Amino acid sequence: QVHLVESGGGLVQAGGSLKLSCAASGRTFSVYAMAWFRQAPGKERQFVADIKWGDGGTSYADSVKGRFTISRDNTKNTASLQMESLKFEDTAVYYCAARGGTAIWDYWGQGTQVTVSS
């Protein structure tokens, strides 16, 4: 099992910045990649960004490309999401996820609220 705990959410004005962190514990040696997803009220959960634990390769949703940056610290078993130029539509609960060698995100954090005021 891999246990994930997010932190760093909060309230920010449009155009502002926020950094989310995700700390992984447990069987972290089995983690192949970590990701951030988000879910706005009344909407489905959507992919935001992910990063491969080994080579650090990243991918982003088009809606956040150029504004958000995902990174990881292998020594601390953490993944972070730096969010810049935040927009009202970025308001959501942000979830950290982890997976092994399959395409299924097996492990999820409890979520952290990000609210962007317009």
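Residues numbered from 1 in each chain as written. Predicted model: local features only at pLDDT ≥ 70, side-chain atom pairs only at ≥ 80, totals over all residues. Heavy atoms only, no water.

Caption draft 1: Highlighting the overall build of the protein chain. Per the secondary structure count, the protein chain includes 0 helices and 11 strands. Taken from N to C terminus, the helices and strands of the protein chain fall in the order β-β-β-β-β-β-β-β-β-β-β. At 13 Å, the protein chain has a C-alpha radius of gyration in line with the 13 Å of a compact globule built from 118 residues. Seen through its C-alpha atoms, the protein chain measures out along the principal axes to roughly 40 × 25 × 25 Å. Counting the 118 residues in the protein chain, one finds 42% classified as buried. Considering only contacts in the protein chain between residues 6 or more positions apart, those separated by 24 or more positions represent 52%. Within the structure as shown, the protein chain displays about 6,200 Å² of accessible surface, and the carbon and sulfur contribution to it stands at 50%. Positive and negative side-chain charges in the protein chain, numbering 12 and 10 respectively, have mean positions lying 2 Å apart. (Helix = DSSP H or I, 4+ residues; strand = E, 2+ residues; numbered from the N terminus. Rg over C-alpha atoms; globule rule 2.2 N^0.38 Å. Buried < 20%, exposed > 50% of the residue type's maximum accessible area, 1.4 Å probe, protein only. Contact = heavy atoms within 4.5 Å. Areas by Shrake-Rupley, 256 points an atom, 1.4 Å probe, with all protein chains shown as cover. Lys, Arg positive; Asp, Glu negative; His and termini not counted. Charge placed at Lys NZ, Arg CZ, Asp CG, Glu CD.)

Caption draft 2: A look at the sheet that holds strand β8 (residues 78-83). An order of β1-β3-β8-β7 is seen for the 4 strands of this open sheet, with the pairing classed as antiparallel. This sheet does not close on itself; its edge strands, each paired only once, are β1 (2-7) and β7 (68-73). Averaged over all pairs of adjacent strands, the angle between strand axes in this sheet comes to 15°, irrespective of strand direction. Relative to β8, β7 is paired through 6 bridges, and the arrangement is antiparallel. Each bridged residue has a counterpart across the sheet, and for Thr 69 the counterpart in β8 is Gln 82. (Pairing = 2+ DSSP bridges. Axes fitted to C-alpha atoms, helices over the stretch in contact; angles between N-to-C directions.)

Caption draft 3: Quick peek at the environment of Leu 4. Counting through the fold element by element, Leu 4 comes out in strand β1. In sequence terms Leu 4 and Asn 77 are 73 residues apart; their C-alpha atoms lie 9.9 Å from each other. Beyond its immediate stretch of four places on either side in the chain, Leu 4 contacts Cys 22, Ala 23, Ala 24, Met 34, Cys 96, Ala 97, Ala 98, Tyr 107, Trp 108, Gly 109 and Gln 110.

Caption draft 4: Layout of the environment of Val 93. Positionally, Val 93 belongs in strand β9 (residues 92-99). Note: C-alpha distance between Val 93 and Ala 40 (53 residues apart in sequence) is 6.3 Å. When neighbours within four sequence positions are excluded, Val 93 is seen to be in contact with Phe 37, Arg 38, Gln 39, Gly 111, Thr 112 and Gln 113.

Caption draft 5: Expanded view of the pattern of salt bridges. Counted by the stated rule, this structure contains 3 salt bridges. Put simply, Asp 62 and Lys 65 hold a salt bridge, and the shortest N to O gap is 3.1 Å. Across the pair Arg 67 and Asp 90 runs a salt bridge whose closest N-O atoms are separated by 2.7 Å. In this pair, Arg 67 is assigned in the loop between β6 (58-60) and β7 and Asp 90 in the loop between β8 and β9, connecting sequence segments 23 residues apart. Through salt bridges with shared partners, one network takes in Arg 38, Arg 67 and Asp 90. (Salt bridge = Lys/Arg side-chain N within 4 Å of Asp/Glu carboxyl O.)

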